[in-house]
Amino acid sequence: MSSNPLLSVEGLTVQFFTDRGTVTAVNEISFEIQEEEIVGLVGESGAGKSVASMSLLRLINGPGRIVEGEIRYKDRTLFALEEGPDGEPRKREDMLSDEEMRTEIRGNEIAVIFQDPMESLNPVYTVGNQLQEFIKLNRDISKKEARSEAIRMLREVGISDAAERYEKYPHEFSGGMRQRVLIAMALACKPNLIIADEPTTALDVTIEGQILDLVQDLQEKYGTSFLWVTHDMGVVADICEQVNVMYLGNIVEQAPVDDIFYNTKHLYTDALLDSMPRPDRTVERLKAIKGVMPSAIDPPEGCPFHTRCPDARQVCEQTHPDLRDVSDDANIIHRSACLKHDIFNVNYEGSLPMTDETKRQANTSAGTTSVNETGADR
Amino acid sequence: MATNEAQVEQDETAVSGQEVGLSHQLKQIKRDITARIGLYIVVLVTFVAGFSWFDANLGTITFGYVSDYTLAQAAPLLEHPERLPPPTDMNAHAPPAFVEGGTWEHPLGTDHEGRDYLSRIVYGTRISVMVGFAATAIGLVGGVAIGATAGYYGGRVDDLLMRFVEIIFAIPALVLIIVFTEFVSGGNPDIQYAVAGAGIASIPIFSRIMRSRVLSVREMEYIEAARSAGVKDRHIIIRHVIPNSFASVLVYATLQVGVVILLVASLSFLGYGAQPPTPDWGQMLSYAHGQMHSNPWMSVFPGLAILVTIMGFNLLGDGLQDALNPRIDN
């Protein structure tokens, strides 16, 4: 990949320190986002997608904390730790202060579009008022200029009668319209990266299609990069160029979108793809993934997916696979964290398959109580 | 972008003309008879307090007109009723007009100094309403600021502020205010100290209501959105958190006006509020209770005035509460 990505994440680990124990919501993930690229972050509920994306802006609330990793944006360090004189990790000198994060990064450089357009606008102010205020705050221009800029942005995201709609309250907008307003808000300050946290999940399919088209149009026009958080492989296929699949806080597969779909190298991604309808395959019945994701408080040993994996062997229970390039093609980097691949060299073939019985045991011992995603996220 | 606009046309299932906001709540109050009575009483009391000028010392009730003085002469005196010359006709303890021996010159009779009792009660309205609003305002501002800060930041800030507030809450209001008054006034209690004390004593309850609302509002996505857009915390609290948590606090404030009027009247009764000759209801009662046998009506009228005023604020507050509760729809 290009040597100079827009955003690079190295070994990011986020933990929540709760009364019931330490939850590793994000476990040493690394990925990059290039200029003008849409990168997908895919996974089931509770996989740690939202936590990972919000930690890019350092917006993790207590009891959560980023405990490890380095996040670089352009030539600035959003997060980095070093070992202090007492052996405890401390903030590295080049890491941006909270003040700098707020005034220079959030909104201006990296913006966020949230999942629920119904709740992302303050009900007590008009849509225009909020948009205008947001522009004024981040761009330091007069109220009047901000107003005309806000109306221009509303028009840009395809809202007709923008000047009239400017005066309306959020409850007078439909869901799709509100999501357009949020996109306008995110784009208003011309950020280079937009984190879209499941922005179309709350919308119905036709509106979702319109919004995706709009995003693609605007992405081309403004050259903005996107980190698209979703659980919908269909959306991923539609807009993403590079895909990261997350499971239980780990990135388990990382590849260009075509390779993810047609040359799948991880059994979890396989299972995800099997559970959704595809125009290129005809099946009798879609296969749902068996079971639920294990609790992140007490994750299974070895490969995190082995409790639900159809091809799990005993070695999977013992070895935690890291993400390695398993591509056959030298031009493409396709990383996977599955012990099946020869590169791991753990004698997968020689290991005995796990019986349903042993799997069930592993499942119970790991505790199948799934952690409520939104609860753990915020 | 042309295609997009065409799509939006279909997308525009926007609901307009939905009944929300203050106007809707006022409509509900109009339909609720007890709340309406409360509203009328509050309006009447506020009107009397705001638009009447009385000569509390002279024998006549004069709306905006003082018999023996020109208005220009009387106006400065009204601010300081104690500077008025003694009444010309010494007619102390005259009974009300409808009792034997009473005259319509003094419809509710006169007090021990020969001052017209009705004038004093009407003048007292002004004091009571001002007391009620001022003390509630102090409690409201203090409580909203503390509650919003505690609720928004949570954690240690929350603990610190709320424990402090609970300390105030744990002390009985009357005791707290009396001690406060004694301290601040240096042994010369007066109404303004009582008002400040009553305001401070109201802070805890407002803080708690505000905090509990803020705890749910701060989880809303628009707060998160504002944070991710790089908005300052202070700005988020003022622009987003407070306006969305304010409704229930405002309802409570209506009820609290009645409560503090009663509280300050009690203080005046005990001698820690308004001092003679200020025509405060509580202070009037304080004198009148010694006259319970000889002149029982002297206790009745200020008591009635307090009762009606507080009832007005309570009825209105209850009505507002119902109007704001989505589960009760009239």
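Parameters at a glance
- Residues numbered from 1 in each chain as written.
- Chains lettered and ligands numbered in written order.
- Predicted model: local features only at pLDDT ≥ 70, side-chain atom pairs only at ≥ 80, totals over all residues.
- Heavy atoms only, no water.
- Core = buried A, V, L, I, M, F, W, Y, C linked by side-chain atoms within 4.5 Å.
- Buried < 20%, exposed > 50% of the residue type's maximum accessible area, 1.4 Å probe, protein only.
- Helix = DSSP H or I, 4+ residues; strand = E, 2+ residues; numbered from the N terminus.
- Contact = heavy atoms within 4.5 Å.
- Axes fitted to C-alpha atoms, helices over the stretch in contact; angles between N-to-C directions.
- Parallel < 35°, antiparallel > 145°, perpendicular 65-115°, else oblique.
- Nonpolar A, V, L, I, M, F, W, Y, C, P; charged D, E, K, R; others polar.
- Pairing = 2+ DSSP bridges.
- pLDDT = per-residue confidence, 0-100.
- 1 Å grid on protein atoms, 1.4 Å probe; cavity = no way out; pocket = protein on both sides within 12 Å on 5 of 7 lines; lining within 4 Å.
- Points joined across faces, edges and corners; volume = space filled by probe spheres on them.

Some remarks on the nonpolar core
Residue and element names in this part refer to chain A.
Item 1. Ranked by internal contacts, the top residues of the largest apolar core, which has 134 residues, are L7 and W228.
Item 2. For this core, the element with the most residues is helix α6 (residues 175–188), which contributes nine residues.
Item 3. Beyond its immediate sequence surroundings of up to four residues, W228 is in contact with I38, V39, G40, L41, A196, P199, T200, L212, V215, V235, I239 and C240.

Focus: the packing of helix α5 (residues 117–153) of chain B against helix α11 (residues 281–288) of chain B
All names here are of chain B.
Item 1. For the pair α5 and α11, interaxial distance at closest approach is 9 Å and the crossing angle is 135°. On the basis of the axis angle, α5 is oblique to α11. Here Y117, R120, I121, G124, T125 and S128 of α5 come into contact with α11, specifically with W281, Q283, M284 and A288.
Item 2. The class makeup of the residues in the contact of α5 with α11 is five nonpolar, four polar and one charged.

Let's talk about the sheet that holds strand β9 (residues 193–197) of chain A
Residues and elements named next belong to chain A.
Item 1. If you trace the eight strands from one edge of the open sheet to the other, you get β8-β9-β10-β3-β11-β12-β14-β13, paired in mixed fashion. Each having just a single partner strand, β8 (110–113) and β13 (324–325) make up the two edges of the open sheet.
Item 2. Its contacts with the sheet place helix α10 (residues 267–274) against β3 (38–42), β11 (242–247) and β12 (250–256), and it is angled at close to 100° to β11.

Notes on the confidence of the model for chain B
Residues and elements named next belong to chain B.
Item 1. Considering every residue of chain B, the mean pLDDT works out to 78; 77% of them sit at 70 or more.
Item 2. Counting interchain partners and residues more than four positions distant, the pLDDT-below-50 stretch residues 1–20 has 40 contacts.
Item 3. Between residues 56–72, whose pLDDT stays under 50, and residues either more than four places distant or in other chains, the model counts 40 contacts.
Item 4. Here the predicted complex carries an ipTM of 0.76, next to a pTM of 0.74.

Re empty space enclosed by the protein
Item 1. One pass over the structure, following the stated rule, counts three cavities of 30 Å³ or more.
Item 2. Of the voids in this model, the largest cavity is the one considered here, and its volume is about 270 Å³.
Item 3. Surrounding the largest cavity, 22 residues form its lining, A:F134, A:M185, B:A225, B:A226 and B:A229 being those nearest its centre.
Item 4. The residue makeup of the lining of the largest cavity, split by class, is 15 nonpolar, six polar and one charged.

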